[in-house]
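Chains, contacts and geometry: an overview
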Amino acid sequence: MTHVGFMPFIKWAGGKTQLLDVIRERLPASFDSYYEPFIGGGAVFLKTCPQRAYINDINPQLINVYKQIKNEVESLITYINFLDNRECNLEFYLEQRDLYNKKIKLQKNYFSLALYVSLFPQLIAGPIVRYETVEEEIDNRKETKEDVIAGTKRFIIGLSKKVIIANQMALLADLIFNKHNGSYGTSIIWLGTLAYTLQIYFDFSGYSDMAIGLGRIFGFHFLENFDYPYISKSVTEFWRRWHISLSTWFRDYVYIPLGGNRVNKFKWIRNIILVWLLTGLWHGAAWNFIIWGIYYGLLLLFEKLFLNKLLNINWLYTFIIVMIGWMIFRSNSLNELLLFIKTMFVYKQTDWLTILADNLSTFNSLIFIVPAFILSFPIFKKLNEKYSS
């Protein structure tokens, strides 16, 4: 998201020297000693791009500079140096992005760019707000009484989701997952998985509600990010409703540029697996996230190729699949993951009396699990629409 956010400004920076000045401001003070030889030495960076120019081909001074650049600039340099047979500048880097496709206009105002990049309602926990969503409102927005009231209500709803429901579900899930050493039975592992399933929904959607509410108070209208995903009747539908800004981001910037479904079957399968592998890595460089991403990639392929044709996919199937997915997501190691799966599907009795006696205060959170489950469905939304109409 950071690169996308900087695109309107980077393209406007235009010339190579101006862009290097911009990058220089983001580097440590020690960069000064390398800056002049870097510019004067005819380095590869942002000047020419010989065929198959790799990082290792760059002169030693550039290597020293490269090591000091922050992560986001490192990835940008790596991308540039792997380009082939094209003019190697940032205009090409933007070729497949919104600016190149003229979905957005050049942003020449430093303060307007800074406003978008540092837009605090969505900066930390999402949703992913693309520049095109707020492009007009950055310079032309109105703060109205109605928006302030609606935004405040939305913020309170999100805060309540996080504090009242998600935090209580977290107490229960953490107790079960963190203390599980093979002694817990099947039913309590399923209970912990259900608690985490509810926790992560109310956590993520709560943050999104707070961001959307804060944005609206200030005159911004962000897109919705969650649409009651636990009512889904297929994994495909689930990912149309869950973290919408993330799934559409991967669709538009990874899946479609790879060819989407307008390629042969082999490449289509490759595209889906690659997108979901990257989706897993998006959440963290750990094996559980990689497995989680591949898990959903294979499930979506299985649904699209076979399951949709064989039977009517239903809610219970989808909810169980999603719960197992969150158990994979929550696992801390491969050994723990295998232990959880074995306990879930090979029945083992749970000593509820001992567990409750040892953890009675934490299990008070159980009283929240039924209301949380009900609130994850649009029951009150439909009642409100029915009576308001």
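Analysis parameters
- Residues numbered from 1 in each chain as written.
- Predicted model: local features only at pLDDT ≥ 70, side-chain atom pairs only at ≥ 80, totals over all residues.
- Heavy atoms only, no water.
- Helix = DSSP H or I, 4+ residues; strand = E, 2+ residues; numbered from the N terminus.
- Buried < 20%, exposed > 50% of the residue type's maximum accessible area, 1.4 Å probe, protein only.
- Contact = heavy atoms within 4.5 Å.
- Areas by Shrake-Rupley, 256 points an atom, 1.4 Å probe, with all protein chains shown as cover.
- Patch = residues over 30% accessible without salt bridge, like charges linked within 9 Å, V, L, I, M, F, W, Y side chains within 5 Å.
- Salt bridge = Lys/Arg side-chain N within 4 Å of Asp/Glu carboxyl O.
- Axes fitted to C-alpha atoms, helices over the stretch in contact; angles between N-to-C directions.
- Parallel < 35°, antiparallel > 145°, perpendicular 65-115°, else oblique.
- Left-handed = near helix turned anticlockwise from the far one by under 90°.
- Nonpolar A, V, L, I, M, F, W, Y, C, P; charged D, E, K, R; others polar.
- Polar contact = N/O pair within 3.5 Å; in protein donor to acceptor, adjacent residues only side chain to side chain.
- Core = buried A, V, L, I, M, F, W, Y, C linked by side-chain atoms within 4.5 Å.
- Arc of directions from axis to C-beta.

What about the overall build of the protein chain?
Check the secondary structure of the protein chain and you find 20 helices and zero strands. Among the 389 residues that make up the protein chain, the fraction classed as buried is 46%. The long-range share in the protein chain, meaning contacts at least 24 apart out of those at least 6 apart in sequence, stands at 71%. Carbon and sulfur atoms form 60% of the exposed surface of the protein chain, whose accessible area is close to 20,800 Å².

A word on a nonpolar patch on the surface
A cluster of nonpolar side chains, Val370, Ile374, Leu375, Ile379, Phe380, Leu383 and Tyr387, forms an exposed patch at the surface whose accessible area comes to about 690 Å². Elements represented by at least two residues in the nonpolar patch include exactly α19 (369-375) and α20 (379-388). Residue contributions to the nonpolar patch peak at four residues, all from α20. The residue Phe380 is located in helix α20 in this model.

Some points on the packing of helix α10 (residues 145-179) against helix α11 (residues 186-217)
Running from N to C, α10 and α11 cross one another at 160°; their axes reach a closest spacing of 6 Å. The angle between α10 and α11 places the two elements in the roughly antiparallel class. The interaxial crossing formed by α10 with α11 has left-handed handedness. Its residues assigned to classes, the contact of α10 with α11 shows 26 nonpolar, nine polar and seven charged.

Here we look at the environment of Thr248
Secondary-structure assignment places Thr248 in helix α13 (residues 244-255). When the C-alpha atoms of Thr248 and Ile128 are compared, they prove to be 9.7 Å apart, with 120 residues separating the residues in sequence. Of note is the side chain of Thr248, whose polar atom sits 3.3 Å from the backbone oxygen of Ser245.

Quick notes on the nonpolar core
Ranked by internal contacts, the top residues of the largest apolar core, which has 58 residues, are Tyr230, Phe238, Trp239, Trp242, Tyr296, Trp326 and Met327. Those residues in contact with Trp326 that sit more than four places away from it in its chain are Tyr196, Thr197, Ile200, Tyr230, Phe238, Trp242 and Trp292. Ranked by size, the runner-up nonpolar core spans 11 residues in total, among them Ile104, Leu119, Ile138 and Phe220.

So, the side chain of Asp209
Within the fold, Asp209 resides in helix α11. Accessibility expressed as a relative area gives 7% for Asp209, which makes it buried. Ignoring sequence-local partners within four residues, the contact set of Asp209 consists of Arg154, Phe155, Ile157, Gly158 and Lys161.

Some thoughts on the side chain of Thr197
Along the chain, Thr197 turns up in helix α11. Residue class for Thr197 comes out buried when judged on its relative accessible area of 0%. When neighbours within four sequence positions are excluded, Thr197 is seen to be in contact with Tyr230, Phe319, Met323 and Trp326.

Overview of the pattern of salt bridges
On inspection of all chains with the given rule, the structure shows 12 salt bridges. The partner of Arg130 in a salt bridge is Asp252, with the nearest N and O atoms 2.8 Å apart. A residue pair is termed long-range when its members are at least 10 positions apart, and Arg130 in the loop between α8 (120-123) and α9 (131-139) and Asp252 in helix α13 qualify at 122 residues. Assigned by exposure class, Arg130 and Asp252 land together as buried. With a closest N to O distance of 3.0 Å, Arg330 and Asp174 form a salt bridge. On the criterion of sequence distance, the pair formed by Arg330 in helix α16 (residues 315-330) and Asp174 in helix α10 is long-range, its members being 156 residues apart. Linked through salt bridges whose partners overlap, the residues forming this network are Arg130, Glu132, Arg251 and Asp252.

Examining the environment of Tyr295
Along the chain, Tyr295 falls in helix α15 (residues 287-310). Sequence-wise, Tyr295 and Ile273 are 22 residues apart; in three dimensions their C-alpha atoms are separated by 9.3 Å. The residues touching Tyr295, leaving out its near neighbours within four places in the chain, are Ile321, Ile324, Gly325 and Ile328.

Concerning helix α7 (residues 110-117)
Working note: α-helix, 3.6 residues per turn, so residues spaced by three or four point in the same direction. Buried within α7 are the following residues: Ser112, Leu113 and Tyr116. All buried residues of α7 lie within an arc of 100° about the axis, which places them on one face of the element. Along α7, the residues that are exposed and aim more than 90 degrees away from the buried face are Tyr110 and Phe111. By the N-cap criterion, in which a side-chain oxygen at the helix start approaches the backbone nitrogen of a residue two or three places on, α7 is capped by Asn109, the distance to Phe111 being 2.8 Å.

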